[in-house]
Amino acid sequence: MQSHYDLIVIGAGGGGYPAALRLAQSGRQVLMVDEKGNLGGNCLYEGCVPSKSVREATVLWNQVARAGFFGLDAQRVQADWAKIRAYKDGVQTRRYQQHTQEIAKTPNLTVIRGQASFTDSYQVQVDDWDHHDQFVASATDIIIATGSEAQRLSIPGFDLTWNHHDLFAWNDTQPTLPSDMVILGGGYIGVESASMLADLGVNVTIIEMAPTILQGMDEDLVQAIRGHVGQRVKIVTGVMVEAVAENNGQYVVSGHKVQDAQPIQFRTSRVMAAVGRVPSIPSSLHLEKTGVYYDRHGITVDERMRTNVPHLYASGDVNGLSMLFHSAVRMSEIVAQDIMLGEDMHDSFNPHEMPTTVFSRPEGLAVGLTRTQAAQRGMAVEEYTRAMGTEAWAQIAGELDGFMKFVVSRSTGRIVGIHGVGVDASALSAAAHMAVRLGLTPAELGHMTFPHPTQFEILDRLARSI
Ligand SMILES: Cc1cc2nc3c(=O)[nH]c(=O)nc-3n(C[C@H](O)[C@H](O)[C@H](O)COP(=O)(O)OP(=O)(O)OC[C@H]3O[C@@H](n4cnc5c(N)ncnc54)[C@H](O)[C@@H]3O)c2cc1C
């Protein structure tokens, strides 16, 4: 095994593999080490891809259930969790096969299934699990892209809880769903999971410590999603969970109300934790041997993902800047450019431009600043809103609820935030991202023409109405 590389990448998720592929294709010798031995990281193994595969089944089921609305006489449809799991596993398998081919046809790239740990800032020890081998490799540059892991609560009984692994892991999903479930945490993973499980017939309760679910997001977005999801899911906010206990296969979640400290209990067939994610810096990585600065929020980086040690980069969830797959990919691309171009590189990462989607039913989108976040920066803004249901597409789809909102800086006239709920919101987030990233004014966005009849028309119409 070669011992010196131009680049070593630790972790083959969205934060790792785009840079690895780009630099290998440009002729650099690249070694990538990942415990899963393939590309995709947690997003493919137990995150974005499988969760949206399950969701797609539930969305379709819901569509068929309202077939009569479209003049269709559909027979009774039933959800079969075993088959939905198989479908989800199949999507994951297809993508793993695609990635295997990508690796095979990329020159100069060596991918090892195993674990990497630093011996110093230029060297890593690699445990090669497939060949039961161990070797030390050095590199000119190293990217740390070890991702994130589900946050744990230090409360009695936390080990009794499920997490996203139980619902979405590749070929390792729970064989049956409970009749009812308590989900701890009302962030986007908790809300998305609750929404799809409720569509599958599970009686779900979300318990959130904060006064609201989807904390930090636009208030109207939160209200709209809560209003809809709340019709299928019981949402309890302002409750601090203190313990989970099991008795004869039933679970008791105990806690107290944040406002008045009153004790409260929930009985349920299953508890799932979705209480956030934290950067993954396992002790086995021996990051302390590199001199890199990090804390519980992740590895400290600048806008080019550079750590305080010049040849070490930290990309993706591990730096805590924006824990989303497409953000990780963007960061990885920036690292690749930085390595290739050095000071001639003029790109940088801005977490606030990254589109966020909430794949509940209905969907939500958020790009850029909310009014509250703008106020925290001392920025005066105006909000402009248009109802989703005014567009032809929403009417054709029979989904009239929801809104689209622009947050516009009063001083510059530029759109600094776009938030919305309703039909196709996740797809709309791509165009919203462009508007915010390019710093368009409503007048400039109003010069765009989006095709009819699609929900994208709401963007240029709202822009022209300002
Ligand atoms: C349920 C769920 C749903 C999600 N849905 C979405 C979504 O819809 N859209 C979205 O944008 N994001 C979503 N995310 C978030 C997304 O999965 C992450 O933002 C993304 O995976 C981050 O990529 P990454 O490369 O930073 O880390 P990861 O994907 O976590 O990859 C890190 C990799 O590093 C490996 N590794 C760690 N330590 C070592 C080591 N010492 N040696 C070798 N390998 C190591 C790990 O095994 C892992 O494969 C979701 C997450 C979850 C949990």
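Residues numbered from 1 in each chain as written. Predicted model: local features only at pLDDT ≥ 70, side-chain atom pairs only at ≥ 80, totals over all residues.

**Concerning the nonpolar core**
Here is step 1: The biggest cluster of nonpolar side chains holds 74 residues, and the ones touching the most others in it are Ile183, Leu184, Ala194, Val204, Ile225 and Leu459.
Here is step 2: Broken down by element, this core gets its largest block of residues, seven residues, from helix α6 (residues 188-199).
Here is step 3: Look past the residues within four positions of Leu184 in its chain and what remains in contact with it is Thr161, Ile207, Val241, Val271, Ala273, Ala274 and Val275.
Here is step 4: In this structure, Ile8, Val33, Ile142 and Ala314 belong to the second largest nonpolar core, which totals 60 residues. (Core = buried A, V, L, I, M, F, W, Y, C linked by C-beta atoms within 7 Å. Buried ≥ 20, exposed ≤ 12 C-beta atoms within 10 Å, placed from the backbone. Helix = DSSP H or I, 4+ residues; strand = E, 2+ residues; numbered from the N terminus. Contact = placed C-beta atoms within 7 Å.)

**Structural notes on the site of the ligand**
Here is step 1: Taken together, 40 residues sit near the ligand, with Gly11, Gly13, Gly41, Gly147 and Gly316 positioned nearest.
Here is step 2: At the level of elements, β2 (30-34), α2 (41-46), α3 (48-65), β3 (109-120), α5 (164-168) and α8 (325-341) are the ones that each hand at least two residues to the shell around the ligand.
Here is step 3: Of the residues that constitute the shell around the ligand, the class distribution is 17 nonpolar, 18 polar and five charged.
Here is step 4: Here the shell around the ligand gathers at least three residues from each of two domains, domain 1 (4-59 + 77-149 + 278-351) and domain 2 (158-275). (Near = placed C-beta within 6 Å. Nonpolar A, V, L, I, M, F, W, Y, C, P; charged D, E, K, R; others polar. Domains from an automatic or database assignment.)

**Regarding the sheet that holds strand β7 (residues 180-184)**
Here is step 1: Reading across from one edge, β9-β8-β7-β13 is the order of the four strands in this open sheet, with parallel pairing throughout. Of all the strands in the sheet, just β9 (234-237) and β13 (271-273) have a single pairing partner and so form its edges. In this sheet, adjacent strand axes meet at a mean angle of 20 degrees when their direction is disregarded.
Here is step 2: Pairing of β7 with β13 involves three bridges; the strand directions are parallel. Across the sheet, the residue bridging to Leu184 is Ala273, located in β13.
Here is step 3: Each of β7, β8 (203-208) and β13 touches α6; the most contacted strand, β8, lies at about 165 degrees to it. (Pairing = 2+ DSSP bridges. Axes fitted to C-alpha atoms, helices over the stretch in contact; angles between N-to-C directions.)

**Thoughts on α8**
For an α-helix, 3.6 residues make a turn, and residues three or four places apart therefore share a direction.
Here is step 1: Helix length check: α8 (17 residues) gives 24 Å between terminal C-alpha atoms against 24 Å at 1.5 Å per residue, within 8%.
Here is step 2: Most of α8 sits inside the fold, with twelve of its 17 residues counted as buried.
Here is step 3: For α8, the set of buried residues is Phe325, Ser327, Ala328, Val329, Arg330, Met331, Ser332, Ile334, Val335, Ala336, Asp338 and Ile339.
Here is step 4: The inward-facing, buried residues of α8 contact β1 (4-10), α1 (17-25), α2, α3, β5 (133-144) and β17 (312-314).
Here is step 5: Where α8 ends, the next residue or the one after it, Gly342, has phi of about 55 degrees, a positive value. (Expected span 1.5 Å × (residues − 1).)

**Topic: helix α11 (residues 425-437)**
Here is step 1: Helix length check: α11 (13 residues) gives 18 Å between terminal C-alpha atoms against 18 Å at 1.5 Å per residue, within 8%.
Here is step 2: Its axis deflected by about 25 degrees at Ala431, α11 carries its strongest bend there.
Here is step 3: Within α11, the full set of buried residues consists of Ala425, Leu428, Ser429, Ala431, Ala432, Ala435 and Val436.
Here is step 4: Summarising the contacts, the buried residues of α11 are in contact with β18 (356-358), β19 (364-368), β22 (415-422), α12 (442-445) and α13 (457-464). (Bend = angle between axes of the 7 residues up to and from the residue.)

**Description of the UniProt feature "domain: Pyridine nucleotide-disulphide oxidoreductase dimerisation" (unreviewed entry) in the chain**
Here is step 1: As annotated by UniProt and renumbered to match this structure, "domain: Pyridine nucleotide-disulphide oxidoreductase dimerisation" (unreviewed entry) occupies residues 354-460.
Here is step 2: Helix makes up 31% of residues 354-460 and strand 29%. Its end C-alpha atoms lie 20 Å apart. (UniProt positions renumbered as here; feature names shortened; annotations may be inferred.)

**Description of the sheet that holds strand β12 (residues 263-268)**
Within a sheet, each strand pairs with its neighbour through backbone hydrogen bonds, oriented either parallel or antiparallel.
Here is step 1: On the basis of which strands lie adjacent, the open sheet formed by three strands has the order β10-β11-β12 and antiparallel pairing. For this open sheet the edge positions go to β10 (239-247) and β12, each flanked by a neighbour on one side alone. This sheet shows a mean twist of 20 degrees between the axes of neighbouring strands, independent of strand direction.

**Brief notes about the pairing of β7**
Here is step 1: Counting buried positions along β7 gives four out of five residues, so the element sits mostly inside the fold.
Here is step 2: Summarising the sheet, β7 and β8 pair through five bridges and their orientation is parallel. The partner of Ile183 across the bridge, within β8, is Ile206.
Here is step 3: After leaving β7, the chain enters α6 and then returns to the sheet as β8, a path that is right-handed. (Right-handed = clockwise from strand over helix to strand, strands pointing away.)

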